[in-house]
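# Coordinates in review
What follows is each chain in one-letter form.
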Protein chains: 2
Amino acid sequence: MKKAEIISVGTELLMGQVANTDAQYISALLPGAGFACYYHTVVGDNRERLSSCLRNSLERSDLVILTGGLGPTEDDLTKKTVADVLGLKLVEDEKTVSSLVDYFSKRGSAFIASNLSQAYFPENSYILENDFGTAPGCLIRHETEKGQKIVVLLPGPPSELNPMFSNKVLPVLKGETDDCLKSKFFAIAGVPESLVEDRLKDIISGRTNPTAATYVKEGIVTVRVSASGTSEEADRLIEETSKIVRERFSKELVSEDKEPVEEVLVRLCEKENITFSCAESCTGGMIAALVTSVPGASNVIKGGIVTYSNEAKINLLGVPKDVIDTFGAVSMETAKAMAENARIKCGTDIAVSATGNAGPGTMENKAAGLVYIGVSYKGKTFAKEFNFKGSRDHVRRRAANMALNMARRMILGTLEE
Amino acid sequence: MKKAEIISVGTELLMGQVANTDAQYISALLPGAGFACYYHTVVGDNRERLSSCLRNSLERSDLVILTGGLGPTEDDLTKKTVADVLGLKLVEDEKTVSSLVDYFSKRGSAFIASNLSQAYFPENSYILENDFGTAPGCLIRHETEKGQKIVVLLPGPPSELNPMFSNKVLPVLKGETDDCLKSKFFAIAGVPESLVEDRLKDIISGRTNPTAATYVKEGIVTVRVSASGTSEEADRLIEETSKIVRERFSKELVSEDKEPVEEVLVRLCEKENITFSCAESCTGGMIAALVTSVPGASNVIKGGIVTYSNEAKINLLGVPKDVIDTFGAVSMETAKAMAENARIKCGTDIAVSATGNAGPGTMENKAAGLVYIGVSYKGKTFAKEFNFKGSRDHVRRRAANMALNMARRMILGTLEE
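What this report covers is the structure whose coordinates are included nearby. (Residues numbered from 1 in each chain as written. Chains lettered and ligands numbered in written order. Predicted model: local features only at pLDDT ≥ 70, side-chain atom pairs only at ≥ 80, totals over all residues.)

### A word on the packing of helix 10 (residues 261–272) of chain A against helix 15 (residues 392–412) of chain A
Residues and elements named next belong to chain A. One way to put it is that helix 10 packs onto helix 15 with a least axis distance of 9 Å and a crossing angle of 30°. With respect to helix 15, the axis of helix 10 lies roughly parallel. Handedness of the helix 10/helix 15 crossing: left-handed. Taken together, the residues of helix 15 that come into contact with helix 10 (itself represented by V261, E262, V264, L265, L268 and E272) are N401, L404, N405, A407, R408 and I411. Class assignment for the residues of the contact of helix 10 with helix 15 results in seven nonpolar, two polar and three charged. (Axes fitted to C-alpha atoms, helices over the stretch in contact; angles between N-to-C directions. Helix = DSSP H or I, 4+ residues; strand = E, 2+ residues; numbered from the N terminus. Parallel < 35°, antiparallel > 145°, perpendicular 65-115°, else oblique. Left-handed = near helix turned anticlockwise from the far one by under 90°. Contact = placed C-beta atoms within 7 Å. Nonpolar A, V, L, I, M, F, W, Y, C, P; charged D, E, K, R; others polar.)

### Observations concerning the interface of chain B and chain A
Facing 49 residues of chain B, the contacting portion of chain A comprises 49 residues. Elements with a contribution of two residues or more to the side of chain B that touches chain A: helix 1 (11–14), helix 2 (21–29), strand 2 (35–43), helix 11 (286–292), strand 14 (301–307), helix 12 (310–315), helix 14 (332–346) and helix 15 (392–412) of chain B. Relative to strand 2 of chain B, strand 2 (residues 35–43) of chain A runs antiparallel, the two being bridged by five bridges. Note that in strand 2 of chain B the partner of V43 of chain A across the bridge is Y39 of chain B. (Pairing = 2+ DSSP bridges.)

### A word on the nonpolar core
By size, the foremost hydrophobic cluster in this structure holds 139 residues, and its most contacted members are I287, I373 and A403 of chain A together with I287, I373 and A403 of chain B. Ignoring anything within four residues of it in the chain, the contact list for I373 of chain A reads A335, V352, S353, A354, A383, K384, F386, A399, M402, A403 and M406 of chain A. A36, Y39 and F121 of chain A together with L153 of chain B belong to the second largest nonpolar core, which has 94 residues in total. (Core = buried A, V, L, I, M, F, W, Y, C linked by C-beta atoms within 7 Å. Buried ≥ 20, exposed ≤ 12 C-beta atoms within 10 Å, placed from the backbone.)

### A closer look at the relation of the copies chain B and chain A
If you rotate chain B by 180° and push it 0.0 Å along the axis, it lands on chain A with an RMSD of 0.1 Å. In short, the pair behaves as if placed about a two-fold rotation axis. Mapped onto chain A, 100% of the interface residues of chain B again fall at the interface, so both copies present the same surface. (Least-squares fit on C-alpha atoms with pLDDT ≥ 70 in both.)

### Things to note about helix 10 (residues 261–272) of chain B
Residue and element names in this part refer to chain B. Under the 1.5 Å per step criterion, the end-to-end length of helix 10 is 16 Å for 12 residues, consistent within 8% with the ideal 16 Å. Check the buried side of helix 10 and you find it contacts strand 12 (253–256), strand 13 (276–280), helix 11 and helix 15. Positive backbone phi, approximately 60°, marks N273, located one or two places after helix 10. (Expected span 1.5 Å × (residues − 1).)

### Focus on the environment of D102 of chain B
All names here are of chain B. Note that D102 resides in helix 5 (residues 94–106). Its 10 C-beta neighbours within 10 Å are what place D102 among the exposed residues. Separated by 235 residues in the primary sequence, D102 and A337 place their C-alpha atoms 60 Å from one another.

### A few points about the pairing of strand 15 (residues 350–356) of chain B
All names here are of chain B. Burial runs high along strand 15: seven of the seven residues are buried. Bridge count for strand 15 against strand 16 (residues 370–377) is seven bridges, and the pairing is antiparallel. Bridge assignment links I350 to a residue of strand 16, and that residue is Y377.

Written out as structure tokens, the structure reads:
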């Protein structure tokens, strides 16, 4: 595969005001276009330091992608610096000038002269129009003693960079090489990472193409299957191994290709014409917020009730006071009553509930991380006990993910009491 | 100020699986200890490439911080590579050996020999114990022709790196130099960024110490005031300018030092003994989830009702059917009824509501981004109309932040109808 690297320009990155999500976004897509990313560099808005980084990168990589520093202010010096290093002039692009004039007149804002700097590009650039902002990017093919190098300049804001890279740069890069590295992702819930690894030992160890690896986040274990070759070869190799993963985790596989569990659940409910509701204590609205983050969720979720206090559990949800008095707010019985009453109150086919202590610290003798999750569907209601580790936020996220996955498995008939 | 840079080691960063939040975390804290960060570099788990990056960094910086690659697997080659480049031997640390043995025996797991690699450090290292994992870090003072360099090795997982850097490395760094750059952050809501800049023109333009700058995220404008000098000088300069910011934004200032609006609201409610509830349509549980993310929120939030469907608005909340029929679910009148009924149903002092179209796309003739936020407190209920721009997620976040801030201002008596 060809070698690529990313240089991100911006003092705000070096001040820690933002994380370098631009480099992350680009890196995840480069292997599929046949480029392996070897370095990320972040450098401030400074000509000498940027020049020196760029020279270094051109020595060692076939493709150098620069992000940030394309705007109209004095700080924005990426184009000037790249032109200098490559020995190119900056020339005005008429089409960009007229679209800039257009942009400002449509908004009724004054056109400040400094905006014109956004219409200058190193000569012979292929200009990448910006559909979500004013500063276009550009792509330059540059001949050197070590062969042709490609230099790409992209705007820093992710809302502008992401579509520009995916829609306009990736297709060009894919034409550069036949080889690529593709990956497929399998999300598995309810199995510890070590057990996933063990069950896939034969495809994880000692193989070079395809490869498989696992990582874990918020209780979901992801198996990444990667293969290199031509696009067709890579697809074929990935599919062979994917079959094995699907077979061995038929019950626990939540989704492929990073689809989050809330999206899988909403699509499943839509398909089966099932309505959803929830009752939340420790998750405090996260389950509902996750489900409603999916466009089209209004066909599925009718309502949700956040009952952070005992009064709310009794008054809003109708949990019997003596259930709480006898077993406590954090208990199997309360979780069951919450799920069942949410289903009835909201008039839905399925309901889930979560009650627990998200921490920090012990609460009414319940350890931090102790959570009961209830589910009620087709006349059957039960709850399960979990002990999640980690911070308050982590416990809440894990509990919310688990509740959504339990709802999914309940509908599929694979959840055991 | 002294020069610093960060080298992050890990193929998962170059594959785009995670963003480099380690570099962000460290970078935000370095100036306060007297170090200016000039570069971030990400490099894979590869000895040659890491060696070459480290040599380059030692040429140009006083402090080089490496993150990642300290674990027990074969991939973890940071310590070996650093020792090689600095010409140091790796030596076993007995204290670390015994705490590793302890760690595994307490958990009843087998002690695998490869774990011992975590007890080897470049000779004469100052060892940084890991309170949240098994791999300790270390700090090395290294004499070169260009003076003494400090090299720090930290584990990659943020839950281990963050406390190790803050508690164990920062105090050492602060002893290295008298100079520092400190910053203070002011969060301002309800004023566009351009107006904030205009009102602070005299302290933003043409000053070098202290400096002030603005940036905006999810509708909250942050003013950063930075000053350099000795710790006391910087504090004094920041305080002078801070007074001006506080005076000019006495109504709109939400918080100082990055405290999120939900935390400000919970603390205010606690202080004033006020209980809170909410009714959410387009935000779908986010308002409740934000409030309950604050430890101690259970003293304040009684409940929340997520009414994503019209039936839920009518049945769960008691919004009159003819209000929805006459004005629509996305309307000032529905927002008001939702807030008032949430307050009554949940029996709280204050309630907020949000109903709107988060997008994507127009819904029942309501444009994406149109949101009505209601508030009900002390016999007064009203709603305001907003047109938020951006993605579905962005609209929801802005609406949730706005609702929390409206509750805060309502309690303070600074919210106008």
